[in-house]
Amino acid sequence: MSGVRQVTVAPDDADQRLDRWLRRLHPNVGQGRIERMCRKGEIRVDGGRVKPATRLEAGQTVRLPPISDDEPMASPATPQVSDADAAMIRAAVIWKDDDIIALAKPPGLAVQGGTGTHRHVDGLAEALRFGRDEKPRLVHRLDRDTSGVLLLARSARAAAGLARAFQAREARKIYWAAVAGSPSPRAGTIRTGLVKAAGHGAGGEAEKMLVLPFDSIAATEGAKRATTDYMVIDAAGGRTAWVALSPITGRTHQLRAHMAAIGHPVIGDGKYGGSGQENLGDGWGAQLGGDVSRKLHLHARSLSLKHPRTGRRLTLTAPLPEHMARTWDLFGWRPEDAAADPFEEET
């Protein structure tokens, strides 16, 4: 049994949930025990209490109590992936080399597990070994209902390199969205604070990000700066618009919260835009009605960054998911008419 330890979070372990990070160190420790250790304050990060779902950052110090590696296994070391799920996740691969796998993540598929979530990319990655001893590792995330480019690293070295690129904001992300109304001006930058508000569930489910004035950040505990560039690519009158979004910072729900804050929520975003279909004076509702799907219309269209081994610039593009492609067809919007990086063209 190991004694009390102070473990530093490595760069390739950044942005992982605490419980999953701990199970990598001690596969035999069950989720129930991790939750108890967190509740009792036996596990701490940089001296503070944490929850099992807390996201770790590189360089943080995690205090771990004595943990025995002789306990019965909490779960099988290698989760089973059904043939159907294996075929689905392999069909989503849009790039594969010795260092990286890129997926066109479908909407509705969570990236990692959590309370009540048992089917997710991290688990399905077992089907993406392609001859390797270990499954590829996640290096960033997308919301469950957001589709698009998602990267996984096939080695610890590649994971560390990609993590550094994301932390240094060297990765260029372009999202496409259909939003309610048409933003004016047609291009701009949204700068606010964002702070997490607890959800209504017993475990804090349905948490939501609150938008704060920029000058209120310093006085608000837990608030962080959030910056988003946006640009209207095309519009259907004043009813809806095709918008490109580039997150300068990477906060939870940043794009969704920002577009709702300026009165133009992403179509299908009931959390931030509600279920209305009209502008009642304080912004639009997030539904269009008719033949337009009620699913979230937010898509990680492209990701550009330096390859972690070769150093060459790599740009990955994911096609629109089916429900967004139908909306684009309905309004006569053609993906091929948009610049790969409309913000670069504008500059």
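About the criteria used
Residues numbered from 1 in each chain as written. Predicted model: local features only at pLDDT ≥ 70, side-chain atom pairs only at ≥ 80, totals over all residues. Heavy atoms only, no water. UniProt positions renumbered as here; feature names shortened; annotations may be inferred. Buried < 20%, exposed > 50% of the residue type's maximum accessible area, 1.4 Å probe, protein only. Helix = DSSP H or I, 4+ residues; strand = E, 2+ residues; numbered from the N terminus. pLDDT = per-residue confidence, 0-100. Contact = heavy atoms within 4.5 Å. 1 Å grid on protein atoms, 1.4 Å probe; cavity = no way out; pocket = protein on both sides within 12 Å on 5 of 7 lines; lining within 4 Å. Points joined across faces, edges and corners; volume = space filled by probe spheres on them. Nonpolar A, V, L, I, M, F, W, Y, C, P; charged D, E, K, R; others polar. Salt bridge = Lys/Arg side-chain N within 4 Å of Asp/Glu carboxyl O. Domains from an automatic or database assignment. Buried area = accessible area lost by both parts, 1.4 Å probe. Phe/Tyr/Trp six-rings, centres within 6.5 Å; stacked < 30°, edge-to-face > 60°. Lys NZ or Arg CZ within 6 Å of the ring centre and 35° of its normal. Pairing = 2+ DSSP bridges. Axes fitted to C-alpha atoms, helices over the stretch in contact; angles between N-to-C directions.

- The protein chain is annotated in an unreviewed UniProt entry as Pseudouridine synthase from Amaricoccus macauensis.
- The record held by UniProt for the protein chain lists under Sequence similarities (unreviewed entry) the comment "Belongs to the pseudouridine synthase RluA family."
- Entered under Function (unreviewed entry) in the UniProt record, the comment concerning the protein chain runs "Responsible for synthesis of pseudouridine from uracil."

**Examining helix 6 (residues 254-261)**
Link 1 in the chain: Counting buried residues along helix 6, 6 of its 8 residues qualify, which places the element largely inside the surrounding structure.
Link 2 in the chain: For helix 6, the complete set of buried residues consists of Gln 254, Leu 255, Arg 256, Ala 257, His 258 and Met 259.
Link 3 in the chain: The positive-phi residue at the C-terminal boundary of helix 6 is Gly 263, with phi of around 85°.

**Here's the deal with the confidence of the model for the protein chain**
Link 1 in the chain: Summing up the model confidence of the protein chain, the mean pLDDT is 89 and the portion of residues at 70 or higher is 93%.
Link 2 in the chain: Residue range residues 72-77 is modelled with pLDDT below 50. Its contacts to residues more than four positions away, or to other chains, number 7 contacts.

**A closer look at the layout of surface pockets**
Link 1 in the chain: In this structure, the second largest pocket occupies an estimated 180 Å³ of space.
Link 2 in the chain: When the residues that make up the lining of the second largest pocket are grouped by side-chain class, the tally is 6 nonpolar, 4 polar and 4 charged.

**Quick notes on empty space enclosed by the protein**
Link 1 in the chain: Within this structure, the stated rule accounts for 1 cavity of 30 Å³ or more.
Link 2 in the chain: Empty space within the largest cavity amounts to approximately 50 Å³.
Link 3 in the chain: Here the element with the most residues in the lining of the largest cavity is strand 14 (residues 298-306); it accounts for 3 residues.
Link 4 in the chain: Along the lines of polarity and charge, the residues of the lining of the largest cavity split into 5 nonpolar, 2 polar and 1 charged.

**Quick notes on the side chain of His 120**
Link 1 in the chain: Relative to the helices and strands, His 120 resides in the loop between strand 6 (100-105) and helix 4 (121-124).
Link 2 in the chain: Assessed through its relative accessible area of 13%, His 120 is described here as buried.
Link 3 in the chain: Not counting chain neighbours up to four residues away, the residues in contact with His 120 comprise Leu 109, Ala 110, Val 111, Gln 112 and Gly 113.

**Describing the pattern of salt bridges**
Link 1 in the chain: The full count for this structure, using the stated rule, is 13 salt bridges.
Link 2 in the chain: Across the salt bridge formed by Arg 334 and Asp 337, the nearest N and O atoms sit 2.9 Å from each other.
Link 3 in the chain: Taking relative accessible area as the criterion, Arg 334 reaches 43% and is therefore assigned partly exposed.
Link 4 in the chain: Taken together, the shared-partner salt bridges in this structure form one network comprising Arg 17, Asp 19 and Arg 20.

**A closer look at the UniProt feature "active site" (unreviewed entry) in the protein chain**
Link 1 in the chain: Per the UniProt record, "active site" (unreviewed entry) is annotated on Asp 143.
Link 2 in the chain: Position of Asp 143 among the secondary structure elements: in the loop between strand 7 (137-138) and strand 8 (147-153).
Link 3 in the chain: On the basis of relative accessible area, Asp 143 is assigned to the partly exposed category, the value being 24%.
Link 4 in the chain: Non-local contacts of Asp 143, meaning those with residues more than four positions away in its chain, are made with Lys 105, His 253 and Arg 256.

**A closer look at the side chain of Gln 287**
Link 1 in the chain: Mapped onto the elements, Gln 287 comes out in the loop between helix 7 (270-273) and strand 14.
Link 2 in the chain: By relative accessible area, Gln 287 is classed as buried at 5%.
Link 3 in the chain: The contacts of Gln 287, once residues within four sequence positions are left out, are Arg 239, Gly 268, Gly 274, Ser 275, Gly 276, Gln 277, Ser 293 and Arg 294.

**Focus: the domain arrangement of the protein chain**
Link 1 in the chain: We note that the domain assignment places domain 1 (5-64), domain 2 (83-168) and domain 3 (174-331) within the protein chain.
Link 2 in the chain: Placing the centre of domain 2 and that of domain 3 at their C-alpha centroids yields a distance of 22 Å.
Link 3 in the chain: Each partner contributes residues to the interface: domain 2 has 24 residues there, and domain 3 has 22 residues.
Link 4 in the chain: A combined buried area of about 1700 Å² lies between domain 2 and domain 3, and 70% of that area is made up of carbon and sulfur atoms.
Link 5 in the chain: The largest per-residue losses of area from domain 2 upon contact with domain 3 belong to Asp 143, Ser 147 and Val 149, which jointly make up 26% of the total buried on that side.

**A short note on the packing of aromatic side chains**
Link 1 in the chain: By the definition in use, this model includes 5 aromatic pairs.
Link 2 in the chain: Measuring from centroid to centroid gives 5.0 Å for Trp 176 and Trp 242, while their planes differ by 75°, and the two rings are edge-to-face. Of this pair, Trp 176 sits in strand 9 (residues 172-180) while Trp 242 sits in strand 13 (residues 240-247); the two residues are 66 residues apart in sequence, bridging distant segments of the chain. Pair check on accessibility: Trp 176 and Trp 242 agree, each one buried.
Link 3 in the chain: For the cation-ring pair, Lys 96 lies above Phe 130, with the distance from its terminal atom to the ring centre recorded as 4.9 Å.

**Some details on the sheet that holds strand 3 (residues 48-49)**
Link 1 in the chain: Spatial ordering of the open sheet is given by 1-4-2-3, a layout of 4 strands whose pairing is antiparallel. Every other strand in the sheet has two partners, leaving strand 1 (5-8) and strand 3 as the edge strands with one partner each.
Link 2 in the chain: Sitting on the sheet, helix 1 (residues 18-25) touches strand 1 and strand 4 (61-64), and the angle it makes with strand 4 is about 65°.

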